[in-house]
Amino acid sequence: VEEAFHQLKRAREPKSSTSFLAACFLREQLLFAVHAGDCRVGVHESKDGVAWKTSVHSLATAITSLSEEALRLHPARNQLTRTFTTTRFKVPELTRLDCAYPKGATMGTDGFWAELPQEVQGAADDPTWEPTTSCEDDASRLLIRWKAATPLRTTEAANLYVKTK
């Protein structure tokens, strides 16, 4: 992450920032996540939704912890306190998780975890799922399963780059 920052700095890229999340999985174990901003990783514990495991770096959570529902509704949840930026390097958060995900895991944008109801998030464990409700923010998710057979979708999503061989 720091090397990417220095490359952007040397290239004199325009001032910008983004949220990011990278997670390390081993078999059916979610080991850790490195993140900044409001992208999150969670595990599917039931059909009722996703149990989110990473925090959000926003003004809403800067002083006190909030319940998931309170965070989803907080007017300051989009005001980020830590992001990947081209102007100044900020160390991302390392969250050690070491948790099982036998029913799957999800990496999601803030539109997914904050704007979609819990029951819709839970239904999103179907690999063919696409959002049917309108969201103010991008509602994207990457579904992770260890015991996947063959992929159901053979084309790439517009916002996901897939490299094969």
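Structure's up top.
A quick note: this is a predicted structure, and the numbers were derived from the prediction, not measured.

**Student:** How should the overall build of the protein be read in this particular structure?
**Tutor:** Each helix and strand in the protein was counted, giving 4 helices and 9 strands. Ordered by position in the sequence, the α and β elements of the protein form the string α-β-β-β-β-β-α-β-β-β-α-α-β. Looking at the protein as a whole, 37% of its 165 residues are labelled buried. Considering only contacts in the protein between residues 6 or more positions apart, those separated by 24 or more positions represent 62%. As displayed, the protein has an accessible area near 10400 Å², and 53% of this comes from carbon and sulfur atoms.

**Student:** Is there a simple way to explain the side chain of T54 in this structure?
**Tutor:** For T54, the position within the fold is in the loop between β5 (49-52) and α2 (68-73). Judged by relative accessible area, which is 2%, T54 ranks as buried. Of note is the side chain of T54, whose polar atom sits 3.1 Å from the backbone nitrogen of V41. If we ignore the near neighbours within four places in the chain, the residues touching T54 are A33, H35, C39, R40, V41 and T95.

**Student:** Sorry, what's going on with the nonpolar core here?
**Tutor:** The biggest cluster of nonpolar side chains holds 13 residues, and the ones touching the most others in it are L21, L30, V41, V43, L97 and Y101. In terms of nonpolar packing, the next biggest core, distinct from the first, is built from 12 residues, L71, A114, W129 and A139 among them.

**Student:** Whenever I open this one, the sheet that holds strand β8 (residues 105-108) confuses me. Can you help?
**Tutor:** Neighbouring strands of a sheet are bound in pairs by backbone hydrogen bonds; such pairs are parallel or else antiparallel. If you trace the 4 strands from one edge of the open sheet to the other, you get β5-β4-β8-β9, paired in antiparallel fashion. Looking along the sheet, the strands with just one partner apiece sit at the ends: β5 and β9 (141-144). Each strand of the sheet is rotated relative to its neighbour by a mean of 35°, with strand direction disregarded. Two strands pair when backbone bridges link them, and strand β4 (residues 40-46) and β5 are joined in this way by 4 bridges, in the antiparallel orientation. By the bridge assignment for β5, S46 is matched with G49.

**Student:** Would you mind going over the packing of aromatic side chains with me for this structure?
**Tutor:** By convention here, two paired aromatic rings are described through the distance between centres and the angle between planes. Across all of its chains, the model carries 4 aromatic pairs by this definition. Aromatic side chains F20 and F84 sit 6.2 Å apart centroid to centroid with 85° between the ring planes, which places their arrangement in the edge-to-face category. Of the two residues, F20 sits in strand β2 (residues 20-26) while F84 sits in strand β6 (residues 84-85), which places them 64 residues apart along the sequence. By relative accessible area, F20 is classed as buried at 18%. R40 extends its terminal NZ or CZ atom over the ring of W113, reaching a point 4.8 Å from the ring centre.

**Student:** I tried to follow the environment of A36 on my own but got confused; where do I start?
**Tutor:** In this fold, A36 is placed in strand β3 (residues 29-36). Note on A36: relative accessible area 1%, which makes it buried. Measuring from C-alpha to C-alpha, the distance between A36 and F20 comes to 5.6 Å, with 16 residues separating the pair along the chain. In contact with A36, not counting residues within four places along its chain, are S19, F20, H57, R82, T83 and F84.

**Student:** Is there a simple way to think about the pairing of β2 in this case?
**Tutor:** Strand direction decides the pairing type here: β2 and β3, joined by 7 bridges, are antiparallel. Bridging from a neighbouring strand, F20 pairs with A36 of β3. Linking two consecutive strands that pair antiparallel, namely β2 and β3, is a turn of 2 residues; a positive phi of about 50° is found at R27 within it.

So, how was this worked out
- Residues numbered from 1 in each chain as written.
- Predicted model: local features only at pLDDT ≥ 70, side-chain atom pairs only at ≥ 80, totals over all residues.
- Heavy atoms only, no water.
- Helix = DSSP H or I, 4+ residues; strand = E, 2+ residues; numbered from the N terminus.
- Buried < 20%, exposed > 50% of the residue type's maximum accessible area, 1.4 Å probe, protein only.
- Contact = heavy atoms within 4.5 Å.
- Areas by Shrake-Rupley, 256 points an atom, 1.4 Å probe, with all protein chains shown as cover.
- Polar contact = N/O pair within 3.5 Å; in protein donor to acceptor, adjacent residues only side chain to side chain.
- Core = buried A, V, L, I, M, F, W, Y, C linked by side-chain atoms within 4.5 Å.
- Pairing = 2+ DSSP bridges.
- Axes fitted to C-alpha atoms, helices over the stretch in contact; angles between N-to-C directions.
- Phe/Tyr/Trp six-rings, centres within 6.5 Å; stacked < 30°, edge-to-face > 60°.
- Lys NZ or Arg CZ within 6 Å of the ring centre and 35° of its normal.

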